[in-house]
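Coordinates in review
Read off the chains here:
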Amino acid sequence: MEITLTGITTTGTPHLGNYVGAILPAIEASRCRDVQSFYFLADYHALVKCQDPALVHRSRLEVAATWLALGLDVENVIFYAQTDIPEILELTWILTCVTAKGLMNRAHAYKAAVAENLADPDKDPDKGVTMGLFCYPILMAADILMFKANKIPVGKDQVQHLEMARDIAARFNYLYGEHFVLPEAVVDEKAAVLVGLDGRKMSKSYGNTIPLFEPEKVLRKLIMRIKTNSLPPEAPKDPDTCTLFQIYQAFATSEESAAMRARYAQGIGWGEMKQILFEYLNSRLSESRQRYRELLEKPDYVEQVLKQGAARAREYSAPFLQELRRAVGIRPLGG
Ligand code: TRP
């Protein structure tokens, strides 16, 4: 049986780029009956990047509400918060004790932090590097190995973390017997990568995002701010280098996109195109935005959905952790 698992780091508010690149494909996959899927809020991972308690708290609610508003099938998928599964942290420690420091030294995110520090005048490689950042891949390995997940849909930036999870699992299996399944990364090459307001990849770290469920007025304002070139309305335009078209295309059917390409060839004014894009997105998002707003008003309900998911997840994690503790020699003294 295929077991898939996806973690969503709860830092910030979900935006259009997250939606087309990750959320939408995952929600579609969540309806598939012959796969067992685990989707979770990676809220312990969030602490590595964000030490503002109010933001962490808010983002957990926003991310959970977003997925529910967009129609995640929580009967089929097991949907929970990582922090509701205490066994994940216990496993993290057990794995930490079989993970070579040298393996963690090679992690891209850690190496990038060190390289940036060395470019600084005071050349302290450790500046701002917490053990959370350094050990991040071990926590991620625990998320995955805990549920014997074999297929992990991730972006390219996470492929190395999956290789590390395999290495760690193999090391444990070598020392203590075959307990873990070796997971595989599944990289969706077709997943759309959206461009942001300034023409770079839409990403929270560039501050160029369009949040998914802003009120209509804000959505309109943000779309009006998208950077375009200075061609006059009647000039033919290239859709493939145009942010407006790229966002439109990520949502539209192929017929709609083809029709829009034809309009670009004839010449379309940027003001008009922005208006069209706004109306199109607004109509696509308004129903789920309404549901999202309602869920934000009912945090106790969202919490309860997560707790139910956690109870289901723990049916797997609690007995498996007992098995693993025994495997390493932690068991009743008389037993
Ligand atoms: N590190 C992932 C990211 O930043 C999030 C994540 C945490 C994750 N645990 C995971 C993804 C387990 C897949 C499986 O996107």
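The rules behind the values
- Residues numbered from 1 in each chain as written.
- Predicted model: local features only at pLDDT ≥ 70, side-chain atom pairs only at ≥ 80, totals over all residues.
- Heavy atoms only, no water.
- Domains from an automatic or database assignment.
- Contact = heavy atoms within 4.5 Å.
- Buried area = accessible area lost by both parts, 1.4 Å probe.
- Polar contact = N/O pair within 3.5 Å; in protein donor to acceptor, adjacent residues only side chain to side chain.
- Helix = DSSP H or I, 4+ residues; strand = E, 2+ residues; numbered from the N terminus.
- Salt bridge = Lys/Arg side-chain N within 4 Å of Asp/Glu carboxyl O.
- Buried < 20%, exposed > 50% of the residue type's maximum accessible area, 1.4 Å probe, protein only.
- Near = heavy atom within 4 Å.
- Areas by Shrake-Rupley, 256 points an atom, 1.4 Å probe, with all protein chains shown as cover.
- Nonpolar A, V, L, I, M, F, W, Y, C, P; charged D, E, K, R; others polar.

**Some remarks on the domain arrangement of the protein**
When the domains of the protein are assigned, the result is domain 1 (2–192 + 299–328) and domain 2 (213–294). Taking only C-alpha atoms, the centre of domain 1 and the centre of domain 2 are 33 Å apart. Across the boundary between the two partners, domain 1 contributes eight residues, which contact nine residues of domain 2. Carbon and sulfur atoms supply 72% of the area that domain 1 and domain 2 bury against each other, a total of about 820 Å² over both sides. Summed over the shared surface of domain 1 and domain 2, the number is one residue pair in polar contact (both at pLDDT 80 or more). Listed by contribution, the elements that provide at least two residues to the side of domain 1 that touches domain 2 are α1 (16–29) and α3 (53–69). Broken down by element, the residue count for the side of domain 1 that touches domain 2 peaks at four residues, all from α3.

**Some remarks on the pattern of salt bridges**
Scanning all chains against the criterion turns up 15 salt bridges. Here Arg-261 makes a salt bridge to Asp-240, at a shortest N to O gap of 2.9 Å. Of this pair, Arg-261 sits in helix α11 (residues 254–266) while Asp-240 sits in the loop between α9 (216–224) and α10 (243–251), placing them 21 residues apart in sequence. Given a relative accessible area of 31%, Arg-261 falls into the partly exposed group. On the basis of relative accessibility, which here comes to 42%, the residue Asp-240 falls in the partly exposed class. In this structure, Arg-291 and Glu-287 form a salt bridge, with 3.9 Å as the shortest nitrogen-oxygen distance. One end of the pair, Arg-291, and the other, Glu-287, are both in helix α12 (residues 270–296), four residues apart, so they sit about a helical turn from each other.

**What to know about the site of the ligand**
In the region of the ligand, 13 residues are neighbours, and His-45, Tyr-136, Met-140, Asp-143 and Gln-158 sit closest. One nitrogen or oxygen atom from the side chain of Tyr-136 is found 2.8 Å from a nitrogen atom belonging to the ligand. Gln-158 has a polar side-chain atom sitting 3.0 Å from a nitrogen atom of the ligand. Within the complex, 88% of the 370 Å² of free accessible area of the ligand lies under protein. Contributing elements (two or more residues each) for the shell around the ligand: β1 (2–9), β2 (35–42), α2 (43–49) and α7 (131–145). The leading source of residues in the shell around the ligand is α7, at four residues. Considering only residue class, the shell around the ligand consists of seven nonpolar, four polar and two charged.

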